[in-house]
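One-letter residues, chain by chain:
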Amino acid sequence: MKPASIAAQALGWVDGETRAIAPPIHTSTTFIRDPDNQYRSGRVYARDDNPTFDQAEAVLTALEGGHASLLFDSGMAAATAVFQALAPGDHVLAPKVMYWSLRNWLMNFATHWGLRVEFIDMTDPDEVRRTVQQGKTKLVWIETPANPLWAITDIARTCEIAHAADARVAVDSTVATPVLTRPLELGADIVMHAATKYLNGHSDVIAGALTTGADSAIWLRIKAIRAQLGGVLGPFEAWLLTRGMRTLFPRVRVACASAQVIAEHFAQHPMIQEVLYPGLPSFAGHAIAAKQMHGGFGGMLSIRVRRANGAPGAGEHAAIATAANVELWKRATSLGGVESLIEHRASVEGVGTPAPVDLLRLSVGIEDTDDLIADLEHALACARS
Ligand SMILES: Cc1ncc(COP(=O)(O)O)c(C=O)c1O
């Protein structure tokens, strides 16, 4: 089966007893022990054993071409579990441009954990080669395309460099989704998703997921961390996630096609200084994106707004005014839902953000592209007048 068919039918699951094609939600927190003192069902206690997780995890494993997956109660819980599986003193490479909340955690908490985190330009293989420490660097963290500038990292090349130094590679593939990129096939060891975003796709579940290519030592530690720290998803959210993934392919394909048209349209706009989108041939990472993203360049882009009089330069106020004047786009944070979102990213990230003050981050949903363009045109006109 092709991945789109796997997703649409959630692996073709049918209930053995009732022949239902939609799975049940298991709310039980505990399971019966057998008379001979064994747990033949393999399930003991639902902190780690809830059957409702199984289908979502199996679907994601199949979509990523992996060995196994684990759901977590948020993308941050999934991401931090990978770092928590490391030991004090371990050296870690992370990108300078990455999801800001994880960057903050790495700067403020991972260091207390004893990790030595070095932030580098992950898009530059020479810098990765220079900074990776043979035997000491245990993890290289990639995010591609990376928030909020959509910087592209060459996954295959970075994996080669990291593996030569005996470091594992984890990829935050939230924005690419398994529809466009399968990092494990490019050599990554672990794929991470904020399942809150495209995997669920309806802005109604906070969830995270990790998929591993092998039953490695780090994976066994991650499994133990989830079981013992207990950062697990609720059964209803796991069920909603399975349902959301059934429409992953059409949602992502529509968002990609629309984002490409929107990026091309506004690249020529007099109020726009620059459009950041991996699908534009002028974008720095376009060639690598074309190599490792298949079927589209994602639904995320950013626009940099000029001053209100249209003169070049940082149009912070014009950007904020544009976000204030949209009607169809929703002025909210997050991404990957069926509804399009717009936000002034520097206002969200605060001090230390790599986001220019004139940058608006756009998450393109599945509405009509012409409506989205007309609404943004109108908002830019309001900001100008
Ligand atoms: C790329 C990326 N990674 C991780 C996260 C964290 O996910 P969550 O909000 O589910 O904790 C986000 C959230 O915005 C994200 O955009």
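Residues numbered from 1 in each chain as written. Predicted model: local features only at pLDDT ≥ 70, side-chain atom pairs only at ≥ 80, totals over all residues. Heavy atoms only, no water.

A. Structural context of the sheet that holds strand β8 (residues 272-276). Across the sheet, five strands lie side by side as β8-β9-β12-β11-β10; this open sheet has mixed pairing. Looking at the sheet topology across the chains shown, the edges are occupied by β8 and β10 (330-331). Examined bridge by bridge, strand β9 (residues 300-305) and strand β12 (residues 359-363) share five bridges and lie antiparallel to one another. In the strand pairing of β12, Leu-301 is matched with Leu-362. Contacts between helix α13 (residues 316-325) and the sheet are confined to β9, β10, β11 (341-344) and β12, with β11 contributing the most and set at about 150° to the helix. (Pairing = 2+ DSSP bridges. Helix = DSSP H or I, 4+ residues; strand = E, 2+ residues; numbered from the N terminus. Contact = heavy atoms within 4.5 Å. Axes fitted to C-alpha atoms, helices over the stretch in contact; angles between N-to-C directions.)

B. Molecular detail of the packing of aromatic side chains. One pass over the full model with this rule turns up three aromatic pairs. Here Phe-83 and Trp-105 contribute two aromatic rings whose centre-to-centre distance is 6.1 Å and whose plane-to-plane angle is 50°, an arrangement assigned as tilted. Here Phe-83 is found in helix α4 (residues 75-84), whereas its partner Trp-105 is found in helix α5 (residues 100-110), with 22 residues between them in sequence. Relative to Trp-239, the ring of Phe-236 has its centre 6.3 Å away and its plane inclined at 10°; by these criteria the two rings are stacked. In this pair, Phe-236 and Trp-239 are both assigned in helix α10 (residues 235-245), three residues apart and thus about one turn of the helix distant. Exposure remark for Phe-236: the relative accessible area of 45% places this residue in the partly exposed category. Each residue in the set Phe-83, Trp-105 and Trp-141 is aromatic and connected to the rest through ring pairs, giving one cluster. (Phe/Tyr/Trp six-rings, centres within 6.5 Å; stacked < 30°, edge-to-face > 60°. Buried < 20%, exposed > 50% of the residue type's maximum accessible area, 1.4 Å probe, protein only.)

C. Representation of the pairing of strand β4 (residues 137-143) within the structure. For β4, a buried count of six out of seven residues is recorded, marking the element as mostly surrounded by other parts of the structure. Across three bridges, strand β2 (residues 91-95) lies against β4 in parallel orientation. When the bridges of β4 are listed, His-91 appears paired with Thr-137. For β4 and strand β5 (residues 168-172), the ladder comprises five bridges, and the chain directions are parallel.

D. Representation of the site of the ligand within the structure. What surrounds the ligand is a group of 14 residues, the closest being Gly-75, Met-76, Asp-172, Thr-196 and Lys-197. Residue Lys-197 places a side-chain N or O atom 2.9 Å away from an oxygen atom belonging to the ligand. Calculation on the ligand without its partners gives an accessible area of 390 Å², and the protein chains cover 92% of this total. Listed by contribution, the elements that provide at least two residues to the shell around the ligand are α4 and β6 (190-194). (Near = heavy atom within 4 Å. Polar contact = N/O pair within 3.5 Å; in protein donor to acceptor, adjacent residues only side chain to side chain. Areas by Shrake-Rupley, 256 points an atom, 1.4 Å probe, with all protein chains shown as cover.)

E. Geometry of the pattern of salt bridges. Using the criterion set out here, one finds 14 salt bridges in the structure. The partner of Asp-358 in a salt bridge is Arg-304, and the shortest N-O contact between them spans 2.9 Å. With Asp-358 in the loop between α14 (345-349) and β12 and Arg-304 in strand β9, this residue pair connects regions lying 54 residues apart in the sequence. The exposure class assigned to Asp-358 is buried, which follows from its relative accessible area of 0%. Look at the salt bridges and you will find they share partners, linking Glu-343, Arg-345, Glu-349 and Arg-361 into a network. (Salt bridge = Lys/Arg side-chain N within 4 Å of Asp/Glu carboxyl O.)

F. Layout of the packing of α13 against helix α15 (residues 369-384). In the contact formed by α13 and α15, the axes pass within 8 Å of each other and the chain directions differ by 130°. Classified by the interaxial angle, the pair formed by α13 and α15 is oblique. At the point where α13 passes α15, the crossing takes the right-handed sense. When α13 is examined against α15, the residues Ala-318, Ala-321, Thr-322 and Asn-325 are found in contact with a partner set consisting of Leu-376, His-378, Ala-379, Leu-380, Cys-382 and Ala-383. Classifying every residue of the contact of α13 with α15 by side-chain character gives seven nonpolar, three polar and no charged. (Parallel < 35°, antiparallel > 145°, perpendicular 65-115°, else oblique. Left-handed = near helix turned anticlockwise from the far one by under 90°. Nonpolar A, V, L, I, M, F, W, Y, C, P; charged D, E, K, R; others polar.)

G. Local environment of helix α9 (residues 217-229). Taking 1.5 Å per residue, 13 residues should reach 18 Å; α9 reaches 18 Å between its end C-alpha atoms and fits that length. Residues of α9 that are buried include every one of Ile-218, Trp-219, Ile-222, Ile-225, Arg-226 and Ala-227, and no others. (Expected span 1.5 Å × (residues − 1).)

H. The packing of helix α11 (residues 248-267) against α15, seen in detail. Closest axis-to-axis distance for the α11/α15 pair is 10 Å, and the angle between their directions is 35°. For α11 against α15, the interelement crossing comes out right-handed. Contacts between α11 and α15 involve Ser-258, Val-261, Ile-262, His-265 and Phe-266 on the former and, on the latter, Thr-369, Leu-372, Ile-373, Leu-376, Glu-377 and Leu-380. The residue makeup of the contact of α11 with α15, split by class, is seven nonpolar, three polar and one charged.

I. The arrangement of the environment of Phe-297 in detail. Summarising the element assignment, Phe-297 is placed in the loop between α12 (286-292) and β9. In the structure, Phe-297 is positioned 20 residues away from His-317 in sequence and 29 Å away in space, judged by C-alpha atoms. Sequence-distant contacts of Phe-297, that is, excluding residues within four places in its chain, are made with Leu-180, Cys-256, Gln-260, Tyr-277, Pro-278, Gly-279, His-286, Ala-289 and Ala-290.

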